[in-house]
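What follows is each chain in one-letter form.
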Amino acid sequence: MNDAMIGVAIEPTSESPDFKNKYLEALTLIERLHRRLLDVIKDEFERRGDQDINAVQALLLFNMGGQELTAGELRTRGHYLGSNVSYNLKKLVQMGFISHERSTADKRSVRVCLTDKGQQVHDLVDELYNRQLKSVREVAGLDGDELDRLNKALGRLERFWTDQIRYRL
């Protein structure tokens, strides 16, 4: 009699098709969730009649918060997902959402921070998240412990991918 026949759960190995399917499903969900978050932010701004800024730019402003950063720091700290950070920063400067100043130590480096207009966008996204917090437990069925487990798992996956790049595994 094998283990499956006597009710013992067998953990899928990294070589099993079941494990691969679960991994691919997780990758798809991660990608889809990011797109859905951008849709939620876009919808919030459309409801308010504010279409001066797109969802990627609004999320970038939210993640910047009160920090003064360079474009490189935005990418490395995970505040920006996308290849055209310079384009979006330039647009945000032109539209008055962020200010920029060339570094005195390194003339190639430009530091950016939110203007009052950019802070307003940050605050709108923060309000959206606060509103969601009021119902995420009841509607989505997620509690603090479940979010802790999710965050730990995603953090381990991020470290795994970082190691893949760093150590060329």
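Keep in mind the model is a prediction, meaning the values are calculated, not measured.

> Please explain the packing of aromatic side chains as it appears in this structure.
Each aromatic ring pair is described using two quantities: the centre-to-centre distance and the angle formed by the ring planes. Evaluation of the coordinates by the stated rule reveals one aromatic pair. Ring centres of Phe 62 and Tyr 129 lie 5.0 Å apart, and the angle between their planes is 80°; this geometry places the pair in the edge-to-face category. Here Tyr 129 lies in helix 5 (residues 116-133) and Phe 62 lies in helix 2 (residues 55-64), a separation of 67 residues in the sequence. You can call Phe 62 buried: its relative accessible area is 16%. Here the guanidinium or amino end of Lys 117 rests over the ring plane of Phe 97, the centre of that ring lying 4.6 Å away.

> Help me understand the sheet that holds strand 2 (residues 98-102) in this model?
The strands that make up a sheet are held in pairs by hydrogen bonds between backbone atoms, and each pair lies either parallel or antiparallel. Taken in spatial order, the three strands line up as 1-3-2 in an open sheet, and their pairing is antiparallel. Strand pairing shows two members of the sheet lacking a second neighbour, strand 1 (69-70) and strand 2, which therefore form its edges. Across five bridges, the pairing between strand 2 and strand 3 (residues 110-114) is antiparallel. Paired with Ile 98 across the two strands is Leu 114, which belongs to strand 3.

> Sorry, what's going on with the side chain of Asn 88 here?
Here Asn 88 shows up in helix 4 (residues 85-94). You can call Asn 88 buried: its relative accessible area is 4%. For Asn 88, the contacting residues outside a window of four places in its chain are Asn 54, Val 56, Gln 57 and Tyr 80.

> Is there a simple way to explain the pattern of salt bridges in this structure?
Opposite charge on two side chains makes pairing possible when the charged atoms of those side chains draw close. As enumerated under the stated definition, the model contains 11 salt bridges in all. Salt-bridge contacts for Glu 68 lead to Arg 111; the nearest nitrogen and oxygen are separated by 3.2 Å. Placement of Glu 68 in the loop between helix 2 and strand 1 and of Arg 111 in strand 3 is noted, with a sequence separation of 43 residues between them. A relative accessible area of 44% means that Glu 68 is categorised as partly exposed.

> Explanation requested: helix 2 in the structure shown.
Note that an α-helix has 3.6 residues per turn; residues three or four places apart therefore point the same way. The buried count for helix 2 comes to eight of 10 residues, which makes it a mostly enclosed element. Taken together, the buried positions of helix 2 are Ala 55, Gln 57, Ala 58, Leu 59, Leu 60, Leu 61, Phe 62 and Met 64. Two or three places before Val 56, at the opening of helix 2, Asn 54 has a side-chain oxygen 3.1 Å from that residue's backbone nitrogen.

> Help me understand the packing of helix 2 against helix 4 in this model?
The N-to-C vectors of helix 2 and helix 4 enclose an angle of 85°; their axes lie 11 Å apart at closest approach. Relative to helix 4, the element helix 2 lies roughly perpendicular. Contacts from Val 56, Gln 57, Leu 60 and Leu 61 in helix 2 reach Asn 88, Leu 89, Lys 91 and Leu 92 in helix 4.

> Just to check I follow, could you spell out the environment of Asp 126 for this structure?
As for its position among the elements, Asp 126 is in helix 5. When its relative accessible area of 30% is taken as the criterion, Asp 126 is described as partly exposed. Put simply, Asp 126 and Leu 59 are 67 residues apart on the chain and 10.0 Å apart in space, counted from C-alpha to C-alpha.

> Quick question: what am I supposed to make of the confidence of the model for the protein chain here?
Caution applies to low-pLDDT parts of the model: their predicted coordinates are not meant to be read in detail. Model confidence for the protein chain is summarised by a mean pLDDT of 88, while 90% of its residues fall at 70 or above. The least confident element of the protein chain is helix 3 (residues 71-76), whose mean pLDDT is 80; the most confident is helix 5, at 96.

> How do you make sense of the nonpolar core when you look at a structure like this?
Buried together is how nonpolar side chains tend to be arranged in soluble globular proteins. Among the nonpolar cores identified, the biggest contains 26 residues, and Phe 45, Ile 53, Leu 61, Met 64, Leu 74, Leu 89 and Ile 98 are the most heavily contacted of them. Every element with two or more residues in this core is listed here: helix 1 (17-47), helix 2, helix 3, helix 4, strand 3 and helix 5. With seven residues, helix 2 is the single largest residue contributor to this core. Here Met 64 is in contact with Leu 69, Leu 74, Ile 98, Val 112, Cys 113 and Leu 114, once residues within four sequence places are set aside.

Reading the values: the criteria
Along each chain, residues carry numbers from 1 onward, in the same order as the chain's sequence is written. With pLDDT at 70 or above as the cut-off, local features in this predicted model cover only qualifying residues; side-chain atom pairs require 80 or more to be listed or tallied, and sums for whole chains, interfaces and linings still use all residues. The side-chain quantities take in all heavy atoms of the structure and omit both hydrogens and water. Pairing of aromatic rings covers Phe, Tyr and Trp, the last through its six-membered ring, and needs centres within 6.5 Å; plane angles under 30 degrees mean stacked, over 60 mean edge-to-face, and all others mean tilted. A run of H or I in DSSP counts as a helix once it spans at least four residues, and a run of E counts as a strand once it spans at least two, with each numbered from the N terminus. When a residue's accessible area, from a 1.4 Å probe over protein chains only, is under 20% of the maximum for its type it is buried; when over 50% it is exposed; and in between it is partly exposed. By the criterion adopted, a ring carries a charge over it if an Arg CZ or a Lys NZ lies within 6 Å of its centre and within 35 degrees of its normal. In this scheme, strands are said to pair when DSSP sees at least two bridges between them. Contacts: residue pairs with any heavy atoms within 4.5 Å of one another. Any Lys or Arg side-chain nitrogen located within 4 Å of an Asp or Glu carboxyl oxygen qualifies as a salt bridge. We define a polar contact as two N or O atoms separated by no more than 3.5 Å, with the added condition that, inside protein, one atom must be a possible hydrogen donor and the other a possible acceptor, whereas residues neighbouring each other in sequence contribute only through side-chain atom pairs. Axis definition: a line fitted to C-alpha atoms, over the contacting stretch in the case of helices. Angles run 0 to 180 degrees between N-to-C directions. Comment on the angle field: the value is read as roughly parallel under 35 degrees, roughly antiparallel over 145, roughly perpendicular from 65 to 115, and oblique elsewhere. Per-residue confidence from the predictor is given as pLDDT, running between 0 and 100. Think of a nonpolar core as a cluster: buried Ala, Val, Leu, Ile, Met, Phe, Trp, Tyr and Cys residues, connected wherever their side-chain atoms sit within 4.5 Å.

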